[in-house]
Amino acid sequence: TVNDIVLAAVAGGARRLLDGRRELEPGMILKASVAVSIRGPAAETGGNRVAIMLAPLPVGEPDPIHRLEHISHATAERKRHAPYQPSGRFAQRWMVRAMFRQRLVNVFTSNLRGPTSPLALAGARILELFQVGVVQGNVAIAVGTLSYAGELYIDVVGDAAVVPDLGAFAEGLADALVELGIETRSPRPVTQS
């Protein structure tokens, strides 16, 4: 699926980042928190209905096809079970506090389906749309993916204090897509604040 390809690309980005830091180990697997829509096809359109699925990122696997196969198998298995739904104010408050000490997730990812036809704003055609992710707690990288008018737009957000080499992650992600046969544009420069 497109989601699996995005996760394989994220694994490629993390692999490049860790390799550049000399922290990559054979067989290493990171975990991605994947936002999953739980809105049914007949659901009303107001508000978000999102749950969480944890997906393995086999960053220790050098072959991009094997990374994709591993991810596809794992996500297919996880889709057979209900995703985690942090509901209620108590659960949400607990999650926010626990985020600084958690060890379940290494990266946030989200892949949203956007408009299939081009949009306009004040008469000007919107050329690109991005979903900007949020980093929080001890998770320093978030990858947002949004489809728009037949193309897929990916952005990478990182905590500059923790990931000053975020450009390596972005380049590794783009290269992983190319290795999987996906046509890409060059990543834009990383801006840090």
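Rules and cut-offs
Residues numbered from 1 in each chain as written. Predicted model: local features only at pLDDT ≥ 70, side-chain atom pairs only at ≥ 80, totals over all residues. Heavy atoms only, no water. Helix = DSSP H or I, 4+ residues; strand = E, 2+ residues; numbered from the N terminus. Contact = heavy atoms within 4.5 Å. Pairing = 2+ DSSP bridges. Salt bridge = Lys/Arg side-chain N within 4 Å of Asp/Glu carboxyl O. Buried < 20%, exposed > 50% of the residue type's maximum accessible area, 1.4 Å probe, protein only. Core = buried A, V, L, I, M, F, W, Y, C linked by side-chain atoms within 4.5 Å. Axes fitted to C-alpha atoms, helices over the stretch in contact; angles between N-to-C directions. Parallel < 35°, antiparallel > 145°, perpendicular 65-115°, else oblique. Left-handed = near helix turned anticlockwise from the far one by under 90°. Nonpolar A, V, L, I, M, F, W, Y, C, P; charged D, E, K, R; others polar. Expected span 1.5 Å × (residues − 1). Arc of directions from axis to C-beta. Polar contact = N/O pair within 3.5 Å; in protein donor to acceptor, adjacent residues only side chain to side chain.

Visitor: Explain the overall build of the protein chain to me, please; I cannot follow it from the model alone.
Guide: Across its full length, the protein chain carries 4 helices and 7 strands. Walking the protein chain from its N terminus toward its C terminus, one meets helices and strands in the order α-β-β-α-α-β-β-β-β-β-α.

Visitor: What exactly am I supposed to notice about the side chain of T109 here?
Guide: As for its placement among the helices and strands, T109 is situated in strand β3 (residues 107–112). The contacts of T109, once residues within four sequence positions are left out, are L7, V10, A32, S33, V34, A35 and V143.

Visitor: Is there a simple way to think about the pairing of strand β7 (residues 151–158) in this case?
Guide: Two faces belong to every sheet, and in a regular strand the side chains alternate between them. Where strand β6 (residues 141–148) lies against β7, 8 bridges are found, and the strand directions are antiparallel. Bridge assignment links G144 to a residue of β7, and that residue is D155.

Visitor: Even after reading the chapter, I still don't get the pattern of salt bridges, so can you show me in this structure?
Guide: Working definition: two side chains of opposite charge can pair if their charged atoms are close together. Within the structure shown, the criterion is met by 4 salt bridges. For the salt bridge of E179 with R67, the shortest nitrogen-to-oxygen distance reads 3.8 Å. Of this pair, E179 sits in helix α4 (residues 166–179) while R67 sits in helix α2 (residues 64–78); the two residues are 112 residues apart in sequence, bridging distant segments of the chain. Here R80 and E77 are joined by a salt bridge, their closest N and O atoms 2.9 Å apart. You can call R80 exposed: its relative accessible area is 63%.

Visitor: Looking at this structure, I do not really get the nonpolar core. What am I missing?
Guide: Most often, soluble globular proteins have nonpolar side chains that are buried together. In this structure, V10, L57, I141 and F169 are the most contacted members of the largest nonpolar core, which totals 29 residues. In terms of residues, this core owes the most to one element, helix α1 (residues 2–20), which gives 9 residues. Setting aside residues up to four positions removed in sequence, L57 forms contacts with L7, V10, A11, M28, I29, L30, A32, I71 and V107. Core analysis: the second largest hydrophobic core is formed by 5 residues, M99, V105, F108 and V139 among them.

Visitor: What should I look at first to understand the packing of α1 against α2 in this one?
Guide: Working note: a packed helix pair is described by the angle between its axes plus the distance between those axes. Running from N to C, α1 and α2 cross one another at 130°; their axes reach a closest spacing of 9 Å. Put simply, α1 runs oblique to α2. Handedness of the crossing formed by α1 with α2: right-handed. Together, D4, I5, L7, A8, A11, G12 and R15 of α1 and R67, L68, I71, S72 and T75 of α2 make up the contact between the two elements. Its residues assigned to classes, the contact of α1 with α2 shows 6 nonpolar, 3 polar and 3 charged.

Visitor: Got a minute to help me understand α2 in this structure?
Guide: Residues spaced three or four apart along an α-helix face the same direction, because each turn holds 3.6 residues. Look at α2: 21 Å from first C-alpha to last across 15 residues, which is about the 21 Å you get at 1.5 Å a residue. Restricting attention to buried positions, one finds in α2 the residues P64, R67, L68, I71, A74 and T75. Here the buried residues of α2 occupy an arc of 135° about the axis, which is enough to place them on one side. Between the side-chain oxygen of the N-cap and the backbone nitrogen of I65 there are 2.7 Å, and the N-cap of α2 in question is D63.

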